[in-house]
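Okay, here's what each chain looks like letter by letter:
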Amino acid sequence: MKVSLFITCLADQMFPEVGLSAVRVLRRFGCEVDFPEAQVCCGQPAFNSGYRDEARSVARTLLDAFEASEHVVSPSGSCTGMIHHYYEELFRDEPEALALARRLRDKTREFSQFLRQVLGIEQLAARFPESVTYHASCHGSRLLGAKREPLELLNMVEGIELRELPRCEDCCGFGGTFSVKLSDLSAAMADEKVTNIESTGARYLVGTDMGCLMNIAGRMRRRRVEVEALHLAELLDRALANAEGAKTS
């Protein structure tokens, strides 16, 4: 199966290891992964700020970049949600671009949903004997409905101690430009999230969107909370490598 990675801005510029982990996991399950270099931002920051023309211009570049792709996978529920729910609105007056937007929507999946819904992963030869708690990102869980898939994948990992995060579904306060325009409110929301994470006693925090994880990890560093934030792709990458290493040792 041929898969194109849609890396997203945050992962590309600040967390490239998330993209590398996603590629390694996909390849372990037989995917042939490519990276169309023409890809850019999905247009969400401009769209959310009311700059529709600018968002449309950026989004059109993304349509062209993935036009020939068989499947598109992204480690971001936020950016995937933009493609699924708002590209039709952006291109409703442009029939040709609208057709491309619908095709991109239909072949694009968030990482955990691709593993479960397209690849049909039912079990993992993976091991991660650590305590973990899971944060449900707003766009992934609400816009895309990716509520079960991340937890199902985590529960397939041998040795993991999954601890429930109180008020798991609450926003972390990032929200893109929200965290800049309303920084005090954003910080208060992040502090509440960090307090709940601390209460679990977990060693690792796992999520499916680097915007949330970046925001939460920043607050944890300021409060000297020793919890490592990992994208789901990173945890699965480590867990699969752990199991493979145990077999060869």
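These numbers come from a predicted model, not from an experiment. Along each chain, residues carry numbers from 1 onward, in the same order as the chain's sequence is written. Totals for whole chains, interfaces and linings use all residues, but because this is a predicted model, local features are given only for residues with pLDDT of at least 70 and pairs of side-chain atoms are given and counted only at 80 or more. By convention in this description, side-chain values take in all heavy atoms of the structure and omit both hydrogens and water.

> What exactly am I supposed to notice about the side chain of His 71 here?
Structurally, the position occupied by His 71 is in strand β3 (residues 71–74). Leaving out residues up to four positions away in the same chain, His 71 has contacts with Met 1, Lys 2, Val 3, Ser 4, Lys 107, Phe 114 and Val 118. Secondary structure elements follow DSSP: runs of H or I of four or more residues count as helices, runs of E of two or more count as strands, with numbering from the N terminus. Between two residues, a contact is recorded if the distance between any of their heavy atoms is within 4.5 Å.

> Hey, could you run me through the sheet that holds strand β4 (residues 108–110) in this one?
Strand pairing in a sheet is mediated by backbone hydrogen bonds. Such pairs are either parallel or antiparallel. Strand order in this open sheet of four strands is β2-β1-β3-β4, and the pairing throughout is parallel. In the strand order of this sheet, the two ends are held by β2 (32–34) and β4, each with one partner. Put simply, the sheet's adjacent strands are angled 35 degrees from each other on average, direction ignored. With three bridges joining them, strand β1 (residues 2–5) and β3 adopt parallel strand pairing. Bridging across to β3, Leu 5 finds its partner in Val 73. Only the stretch in contact is used when a helix axis is fitted, and all axes are lines through C-alpha atoms; the angle between N-to-C directions ranges over 0 to 180 degrees. On top of the sheet, helix α2 (residues 16–28) reaches β1, β2 and β3; it is set at about 175 degrees to β1, its chief contact. Across the sheet, helix α7 (residues 95–107) lies against β3 and β4, angled at about 40 degrees from β4, the strand it touches most. Between any two strands, pairing holds if DSSP finds at least two bridges.

> Is there a simple way to explain unusual backbone geometry in this structure?
Trans peptide bonds make up most of the peptide bonds, and negative phi angles are found at most residues other than glycine. Residue Thr 8 is not a glycine yet carries a positive backbone phi of 75 degrees. Looking at where Thr 8 falls in the secondary structure, it is placed in the loop between β1 and α1 (9–13). Here the phi dihedral of Arg 224 falls at roughly 55 degrees; this positive angle occurs in a residue that is not glycine. Tracing the sequence through the fold places Arg 224 in the loop between α13 (210–222) and β8 (228–231). Judged by its relative accessible area of 74%, Arg 224 falls in the exposed class. Under the scheme applied here, a residue whose accessible area is under 20% of the maximum for its type counts as buried, over 50% as exposed, and between as partly exposed, the area being computed with a 1.4 Å probe on protein chains only.

> Just to check I follow, could you spell out the pattern of salt bridges for this structure?
Pairing between side chains of opposite charge can happen when the charged atoms of each approach one another. Whenever a carboxyl oxygen of Asp or Glu lies within 4 Å of a side-chain nitrogen of Lys or Arg, that contact is scored as a salt bridge. This structure, assessed with the given rule, holds 18 salt bridges. Close ionic contact of Asp 191 with Arg 219 constitutes a salt bridge, the shortest N to O distance being 2.9 Å. Of this pair, Asp 191 sits in helix α12 (residues 183–200) while Arg 219 sits in helix α13, and the two are 28 residues apart along the sequence. Given the relative accessible area of 23%, Asp 191 is considered partly exposed. Salt bridges sharing common partners tie together Glu 88, Arg 102, Arg 105 and Asp 106.

> Which parts of the structure should I look at to understand helix α10 (residues 148–155)?
Every α-helix carries 3.6 residues per turn, so stepping three or four residues along brings you back to the same face. Taken together, the buried positions of α10 are Glu 149, Pro 150, Leu 153 and Leu 154. The buried residues of α10 occupy an angular sector of 135 degrees when projected down its axis, which confines them to one face. Exposed side of α10, more than 90 degrees from the buried face: Arg 148 and Asn 155 are the residues found there. Think of the arc as the fan of directions from the helix axis to the C-beta atoms.

> So what exactly am I meant to see when it comes to the packing of aromatic side chains here?
Aromatic ring pairs: the centre-centre distance and the angle between the two ring planes describe each pair. Planes of paired rings set the category: under 30 degrees apart is stacked, over 60 is edge-to-face and the rest tilted, where pairs are Phe, Tyr or Trp rings (Trp by its six-membered ring) whose centres lie within 6.5 Å. Scanning the entire structure with this criterion turns up four aromatic pairs. Ring plane angle 35 degrees and centroid distance 5.1 Å describe the contact between Phe 47 and Tyr 86, whose orientation is recorded as tilted. With Phe 47 in helix α3 (residues 44–48) and Tyr 86 in the loop between α5 (77–85) and α6 (87–90), this pair connects stretches of sequence that are 39 residues apart. Relative accessible area serves as the criterion here: at 28%, Tyr 86 is assigned to the partly exposed category. Considering the side-chain rings of Tyr 87 and Phe 91, the 6.1 Å spacing of their centres and the 85 degrees angle between planes classify their relative orientation as edge-to-face. No difference in accessibility class separates Tyr 87 from Phe 91, as the two residues are buried. A cation over an aromatic ring shows up here: Arg 52 above the ring of Phe 47, its NZ or CZ 4.0 Å from the ring centre. Definition used: whenever NZ (Lys) or CZ (Arg) falls within 6 Å of the ring centre and also within 35 degrees of the ring normal, the charge is taken to sit over that ring. In this structure, Arg 203 packs its charged tip against the face of Tyr 204, placed 4.9 Å from the ring centre.

> Would you mind showing me how to read the layout of surface pockets here?
Grid points spaced at 1 Å over the protein atoms alone were grouped into cavities, where a 1.4 Å probe fits but cannot get out, and pockets, open sets with protein on both sides within 12 Å along at least five of seven lines, with lining residues defined by an atom within 4 Å of a point. Grid points are joined across faces, edges and corners, and a volume is the space filled by probe spheres set on the points. Estimated volume of the largest pocket: approximately 580 Å³. Contributing to the lining of the largest pocket are 29 residues, with Gln 44, Ser 78, Phe 174, Gly 175 and Gly 176 lying nearest its centre. Elements represented by at least two residues in the lining of the largest pocket include exactly α1, α3, α5, α9 (138–143), α11 (178–181) and α13. Each residue gets one label: Ala, Val, Leu, Ile, Met, Phe, Trp, Tyr, Cys and Pro are nonpolar, Asp, Glu, Lys and Arg are charged, and the others, such as Gly, are polar. Of the residues contributing to the lining of the largest pocket, the split by class is 15 nonpolar, 13 polar and one charged.

> How should I be thinking about α2 in this particular structure?
The first and last C-alpha atoms of α2 sit 19 Å apart over 13 residues, in line with the 18 Å expected at 1.5 Å per residue. Taken as a whole, α2 has its buried residues at Val 18, Gly 19, Ser 21, Ala 22, Val 23, Val 25 and Leu 26. Looking one or two places after α2, you find Gly 30, whose phi comes out positive at around 85 degrees. For a helix, the expected span equals 1.5 Å multiplied by the residue count minus one.

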